[in-house]
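Structure assessment
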Amino acid sequence: MTTVTTPANFTDLGLIPPLLARLTELEYQQPTPIQAQAIPSVLAGRDLIAGANTGSGKTATFALPILQHLFMQQQTEKSLSRKSSKGNYVTGLILVPTRELAKQVADSIKSYAVHFNGVIKTLAVFGGVSANTQMLALRGGTDILVATPGRLLNLISTNAIKLDRVKTLVLDEADRMLSLGFTDELSALLALLPKKKQILLFSATFPEQVQALTQELLNDPVEIQLQSSDASTLVQRVFTVNKGGKTALLAHLIKQHQWRQALIFVNAKNSCNHLAEKLSKRGITAEVFHGDKGQGARNRVLDAFKAGEIDVLIATDIAARGIDIEKLPVVINFDLPRSPSDYMHRIGRSGRAGEVGLALSLIDHEDYHHFKVIEKKNKIRLEREQVEGFEVDEITGDSILAADKPMAKPEGSGKKKRKKKTTINADIWSGYSEPE
Ligand code: AMP
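Residues numbered from 1 in each chain as written. Predicted model: local features only at pLDDT ≥ 70, side-chain atom pairs only at ≥ 80, totals over all residues. Heavy atoms only, no water.

1. Some remarks on the overall build of the protein chain
In terms of regular secondary structure, the protein chain is built from 16 helices and 14 strands. Across the 436 residues that make up the protein chain, the buried fraction comes to 53%. Expressed as a percentage of contacts within the protein chain between residues at least 6 apart in sequence, the contacts between residues at least 24 apart total 77%. Here the protein chain has roughly 20,300 Å² of accessible surface; of this, 49% comes from carbon and sulfur atoms. (Helix = DSSP H or I, 4+ residues; strand = E, 2+ residues; numbered from the N terminus. Buried < 20%, exposed > 50% of the residue type's maximum accessible area, 1.4 Å probe, protein only. Contact = heavy atoms within 4.5 Å. Areas by Shrake-Rupley, 256 points an atom, 1.4 Å probe, with all protein chains shown as cover.)

2. Digging into the pattern of salt bridges
Across all of its chains, the model carries 12 salt bridges by this definition. The partner of Arg176 in a salt bridge is Asp342, and the shortest N-O contact between them spans 3.3 Å. Within this pair, whereas Arg176 is found in helix α7 (residues 174–179), its partner Asp342 is found in helix α14 (residues 340–347), the two being separated by 166 residues in sequence. A relative accessible area of 4% places Arg176 in the buried class. Its salt-bridge partner being Glu375, residue Arg384 comes within 2.8 Å of it at the nearest N-O pair. Here Glu375 falls in the buried class, since its relative accessible area comes to 2%. (Salt bridge = Lys/Arg side-chain N within 4 Å of Asp/Glu carboxyl O.)

3. Let's talk about the packing of helix α11 (residues 246–257) against helix α12 (residues 269–281)
Relative orientation of the contacting elements α11 and α12 amounts to 60°, with a least axis distance of 10 Å. As summarised for this structure, α11 and α12 are arranged oblique, according to the angle between their axes. Read as a crossing pair, α11 and α12 show a hand that is right-handed. Residues Thr247, Leu250, Ala251 and Ile254 of α11 touch α12, and the partners they reach there are Leu275, Lys278 and Leu279. Considered class by class, the residues forming the contact of α11 with α12 number five nonpolar, one polar and one charged. (Axes fitted to C-alpha atoms, helices over the stretch in contact; angles between N-to-C directions. Parallel < 35°, antiparallel > 145°, perpendicular 65-115°, else oblique. Left-handed = near helix turned anticlockwise from the far one by under 90°. Nonpolar A, V, L, I, M, F, W, Y, C, P; charged D, E, K, R; others polar.)

4. Brief notes about the environment of Lys195
Mapped onto the secondary structure, Lys195 falls in the loop between α8 (183–190) and β6 (198–203). The spacing of Lys195 and Asp164 is 31 residues in sequence and 9.0 Å in space, taken between C-alpha atoms.

5. Focus: the sheet that holds β6
Taking strand neighbours across the sheet as the criterion, the seven strands line up as β3-β4-β2-β5-β6-β1-β7 in an open arrangement whose pairing is parallel. Lying at the two open borders of the sheet, with one neighbouring strand each, are β3 (122–125) and β7 (222–225). Pairwise comparison of adjacent strand axes, ignoring direction, gives a mean angle of 15° for this sheet. In the sheet, strand β1 (residues 48–51) pairs with β7 via four bridges, with the strands oriented parallel. (Pairing = 2+ DSSP bridges.)

6. Some points on the environment of Gly283
Following the sequence through the fold, Gly283 ends up in the loop between α12 and β10 (286–289). The class for Gly283 is exposed, based on a relative accessible area of 64%. Separated by 28 residues in the primary sequence, Gly283 and Lys255 place their C-alpha atoms 9.4 Å from one another.

7. Examining α11
Its 12 residues give α11 an end-to-end C-alpha distance of 16 Å, which sits within 8% of 16 Å, the value for a rise of 1.5 Å per residue. What α11 keeps buried is the set Lys246, Thr247, Leu249, Leu250, Ala251, Leu253 and Ile254. Directly after α11, the chain includes Gln258, whose backbone phi takes a positive value near 50°. (Expected span 1.5 Å × (residues − 1).)

8. Notes on the pairing of β1
Neither face of β1 is open: one carries Leu48 and Ala50, the other Ile49 and Gly51, and all of them are buried. Taken together, the four bridges between β1 and β6 define a ladder with parallel strand orientation. Bridging from a neighbouring strand, Leu48 pairs with Leu200 of β6.

9. Focus: helix α13 (residues 295–306)
Compared with the 16 Å implied by 1.5 Å per residue over 12 residues, the 16 Å span of α13 between its first and last C-alpha is a close match. Inspection of α13 places Gln295, Arg298, Val301, Leu302, Ala304 and Phe305 among the buried residues, and these make up the whole buried set. Where α13 is buried, its residues touch α4 (99–112), β9 (262–265), β10 and β11 (312–315). After α13 finishes, the residue Gly308 shows a positive phi value of roughly 80°.

10. Quick notes on the packing of aromatic side chains
Applying the stated criterion across every chain yields a total of five aromatic pairs. For the ring pair Phe10 and Tyr28, a centre distance of 6.5 Å and an interplane angle of 35° mean the geometry is tilted. Linking Phe10 in the segment before α1 (17–25) with Tyr28 in the loop between α1 and α2 (33–43), this pair joins segments that are 18 residues apart in sequence. For Phe10, a relative accessible area of 6% puts it in the buried group. (Phe/Tyr/Trp six-rings, centres within 6.5 Å; stacked < 30°, edge-to-face > 60°.)

11. A closer look at the confidence of the model for the protein chain
Model confidence for the protein chain is summarised by a mean pLDDT of 82, while 82% of its residues fall at 70 or above. In the model, residues 1–5 has pLDDT below 50 throughout and makes 10 contacts with residues more than four positions away in sequence or in other chains. Here residues 395–436 is a poorly scored stretch, pLDDT under 50, and it has 61 contacts once near neighbours within four places are set aside; other chains count. (pLDDT = per-residue confidence, 0-100.)

12. Structural notes on a positive patch on the surface
Taken together, Lys86, Arg165, Lys167 and Lys196 make up a surface patch of like positive charges. Judged by its relative accessible area of 41%, Lys86 is partly exposed. (Patch = residues over 30% accessible without salt bridge, like charges linked within 9 Å, V, L, I, M, F, W, Y side chains within 5 Å. Lys, Arg positive; Asp, Glu negative; His and termini not counted. Charge placed at Lys NZ, Arg CZ, Asp CG, Glu CD.)

13. What to know about the nonpolar core
Counting 43 residues, the largest nonpolar core has Leu15, Leu48, Leu67 and Ile94 as the members making the most contacts within it. When contributions to this core are tallied by element, the ones reaching two or more residues are α1, α2, β1, α3 (58–79), α4, β4 (142–147), β6 and β7. The dominant element in this core, judged by the number of residues it contributes, is α3, at eight residues. With sequence-adjacent residues up to four places away left out, Leu15 is seen in contact with Phe10, Leu20, Leu23, Ile39, Leu43, Leu64 and Gln68. Formed by 33 residues, the second largest nonpolar core is a distinct cluster that contains Ile49, Leu93, Leu178 and Val210. (Core = buried A, V, L, I, M, F, W, Y, C linked by side-chain atoms within 4.5 Å.)

See below:
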């Protein structure tokens with residue numbers, strides 16, 4: 001592990017004036033911990049492996065150094081009156097798991113580059129929309145390309161783009177890319193890259209697959225693992241509720257707190273619609289966001305939610321990754337995520353970049369074992385709370401409230417009646433990912 005110093009302001013990071021000016025305009029007052037720790041090494045050309053949660057400011061961590069390199073290179077070429085051959089090249093390649101993230105990262109990069117007067121070309125390519133428009137946009141190549149793996153391979157197969165001149169590769173949310181089944185696509189893409197390149201790998205979690213990828217790809221990387229307390233000021237709470245009582249509790253909480261922009265996670269596309277209907281009967285308007293919606297509809301809903309025009313958005317896990325909604329005050333797990341790492345991704349939508357946020361999980365009798373697993377894997381322990389008027393029944397309640405204690409055998413003969421056996425839905429143990 002390399003020791004890194006942590007500059008306290010952006011000027012000390014070695015960034016050039018056009019970028020510093022933009023950060024001032026964006027009111028970034030000081031680097032986030034990942035930015036402070038990583039940017040100097042990335043600028044120096046080192047490989048990087050960063051364990052950073054969403055909301056930690058990781059986009060700027062890779063985007064600013066890539067932009068700076070490209071800009072400096074272009075300035076040098078200009079001063080030497082040299083023209084680099086263009087063609088269907090790409091210099092900075094950023095691979096991301098979802099369409100929304102591709103668009104969002106590209107937008108951020110364009111925003112950071114506004115004082116470069118358009119000399120750096122940035123594009124996003126992703127599935128679900130026409131490839132022709134993307135092919136046209138790629139004519140003459142691009143300096144920075146943000147892509148989902150599947151669409152990028154398609155575009156390569158039609159010669160719309162070539163990867164042999166990539167200088168920096170970013171694998172953003174590497175764990176998610178692998179869990180969404182992009183392993184083969186990634187291998188195919190990696191084989192097309194030049195040998196000499198800088199690699200920056202970001203992952204919230206480090207399952208075996210990511211570790212293997214890291215070992216295979218990275219060259220003496222700088223390693224940064226943020227403490228979770230560095231990443232956000234997020235408050236996590238867990239409310240127990242009787243089975244069948246979640247909708248009523250949710251409606252009560254939404255009305256009581258009058259949340260603007262509450263993001264509610266469920267586990268299936270049709271659960272989004274069901275819950276929206278049930279909330280509507282209780283006088284709450286909610287929109288839904290899931291993989292069955294067309295890309296246009298997804299963008300519209302997301303933009304309206306970001307703009308504060310929608311108060312309650314019910315979503316599947318496709319919203320759990322990388323979507324940056326400014327100052328999202330609350331994220332609610334109506335259904336618990338099946339994988340413990342998805343819990344971290346979901347709650348990362350709130351409390352971003354130092355803002356206070358709330359991540360709330362509603363657990364009933366059938367959830368409590370699974371919630372314990374989520375806590376254990378994520379090394380957290382939360383107190384079970386009850387909401388007045390929604391107290392759990394005594395027997396069920398005992399089980400839920402005793403969730404942190406080892407399950408003691410009933411005293412005596414062991415024949416004491418247990419009213420209801422805790423059942424765990426087998427489905428929650430299976431890996432889950434919603435097709436894009
Ligand atoms: P990210 O983790 O890259 O998705 O960034 C999360 C959010 O934090 C985005 O809205 C960024 O614009 C914002 N952000 C990134 N870096 C900073 C910073 N140094 N100061 C304030 N906000 C930041």
